[in-house]
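Architecture at a glance
Here is how the chains run, residue by residue.
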Amino acid sequence: MRVIIVRDYDEMSKRAAKVVANRIGEKPDLVLGLATGSTPEGMYSELIRMHKEERLDFSKVRSFNLDEYCGLSPNHPQSYHYFMYDKLFNHINIRAENIYIPKGDVENANISCEWYEKKMKEEGGIDLQILGIGGDGHIGFNEPGSSLGSRTRIKTLTKETIEDNARFFKKGEDVPRYAITMGLGTISEAKECLLLANGANKAEVLQKSIEGPISAEITASLLQLHPRVMIITDEEAAQNLRQKDYYQYAEEMAEKLERK
Ligand code: PGA
């Protein structure tokens, strides 16, 4: 696990965008796992800037989103489908046929989930999965108690998640109670994971995820088992990390090695 502590949200976003751009540079037909929420918005803005000013090319990139609310149509302003087009896809040259987002408004969600898993495999699996972290420690919508081997499926959202997400809806009761999400088993199979965290409200859960026991109670803790994880966090979210000094020292040493 590589923990990179940066000053603030802006630096976190730019650093994360650079990782994505480097991976696309290494593999132009990268399979990207994408996330929604406030956390990755700045990274998406920076990727748009890099596309416009530095010709970062998404023409061969394929993308799979982590999750979608059940019951919202793709054109609902709070759907993750809408979010992704608004915050990223409408502003870069990714091809529409290379974009995959779980469908929240289908009659038979189970068939749709199975299809999603199959499609990911057909495309070669996810190369780089972007992740945020929920106040309850979730990645995707894998709420506490999710099976560590779970696949894409419907999850019931916790009260905490519903409250956290109520800020995006006009009324609290409008927040969907269910979502379709990639499972923890699905996420574990990504070749690389990049988790972003910012703000003091994430400090406690980030510490538990990185330094606490691996547990279905904090599903982000499963990342401790993953062979290639990078965490980029701002100072505020990093404030509770017990090994903070070591992570910073290790980064400096790694940079020295890279320069050699
Ligand atoms: P946020 O959500 O980025 O809006 O804080 C993170 C999450 O729930 O995964």
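These remarks concern the structure in this document.

Cut-off values and rules
Residues numbered from 1 in each chain as written. Predicted model: local features only at pLDDT ≥ 70, side-chain atom pairs only at ≥ 80, totals over all residues. Heavy atoms only, no water. 1 Å grid on protein atoms, 1.4 Å probe; cavity = no way out; pocket = protein on both sides within 12 Å on 5 of 7 lines; lining within 4 Å. Points joined across faces, edges and corners; volume = space filled by probe spheres on them. Helix = DSSP H or I, 4+ residues; strand = E, 2+ residues; numbered from the N terminus. Buried < 20%, exposed > 50% of the residue type's maximum accessible area, 1.4 Å probe, protein only. Contact = heavy atoms within 4.5 Å. Phe/Tyr/Trp six-rings, centres within 6.5 Å; stacked < 30°, edge-to-face > 60°. Pairing = 2+ DSSP bridges. Axes fitted to C-alpha atoms, helices over the stretch in contact; angles between N-to-C directions. Salt bridge = Lys/Arg side-chain N within 4 Å of Asp/Glu carboxyl O.

1. Observations concerning empty space enclosed by the protein
Throughout the structure, instances matching the rule amount to one cavity of 30 Å³ or more. Looking at which element gives the most residues to the lining of the largest cavity, the answer is helix 7 (residues 203-211), with three residues.

2. Observations regarding the side chain of Thr39
Locating Thr39 in the fold gives a position in the loop between strand 2 (31-34) and helix 2 (41-54). Overall, Thr39 belongs to the buried group, its relative accessible area being 8%. Apart from residues lying up to four places away in sequence, Thr39 is in contact with Tyr9, Met12, Leu196, Ala197, Asn198 and Lys202.

3. A word on the packing of aromatic side chains
Within this structure, the stated rule accounts for nine aromatic pairs. Here Phe64 and Tyr116 contribute two aromatic rings whose centre-to-centre distance is 5.6 Å and whose plane-to-plane angle is 75°, an arrangement assigned as edge-to-face. With Phe64 in strand 3 (residues 62-65) and Tyr116 in helix 4 (residues 109-122), this residue pair connects regions lying 52 residues apart in the sequence. Accessibility assignment for this pair places Phe64 and Tyr116 in one class, buried. One aromatic cluster in this structure is built from Phe64, Tyr100, Trp115 and Tyr116.

4. Thoughts on the sheet that holds strand 8 (residues 178-181)
The sheet built from three strands is open, its strands ordered 4-8-7 with antiparallel pairing. What marks the edges here is a single partner per strand, and that holds for strand 4 (67-69) and strand 7 (153-156). Taken over all neighbouring pairs, the strand axes of this sheet differ in orientation by 30° on average, direction set aside.

5. Here we look at the layout of surface pockets
What the largest pocket holds in volume is close to 730 Å³. For the lining of the largest pocket, the elements supplying multiple residues, two or more each, are strand 4, helix 3 (80-87), helix 5 (159-165) and helix 7. In terms of residue count, helix 3 provides more of the lining of the largest pocket than any other element does, five residues in total. Approximately 230 Å³ is the volume attributed to the second largest pocket. When contributions to the lining of the second largest pocket are tallied by element, the ones reaching two or more residues are helix 3, strand 5 (99-100) and helix 4. In terms of residue count, the dominant contributor to the lining of the second largest pocket is helix 4 (three residues).

6. Focus on the pattern of salt bridges
One pass over the structure, following the stated rule, counts 23 salt bridges. Between Glu46 and Arg49 there is a salt bridge whose closest N-O contact spans 3.0 Å. Highlighted residues: Glu46 and Arg49, both in helix 2, separated by three residues, approximately one helical turn. Residue classification places Glu46 among the buried residues on the basis of a relative accessible area of 11%. For Arg49, a relative accessible area of 28% corresponds to the partly exposed category. Residue Arg228 is joined to Glu192 by a salt bridge in which the shortest nitrogen-to-oxygen separation is 3.5 Å. In this pair, Arg228 sits in the loop between helix 7 and strand 10 (229-234) while Glu192 sits in strand 9 (residues 192-197), placing the two residues 36 residues apart along the sequence. We classify Glu192 as buried; its relative accessible area is 3%. The structure contains a network of salt bridges with shared partners spanning Asp29, Arg62, Lys119, Glu122 and Glu123.

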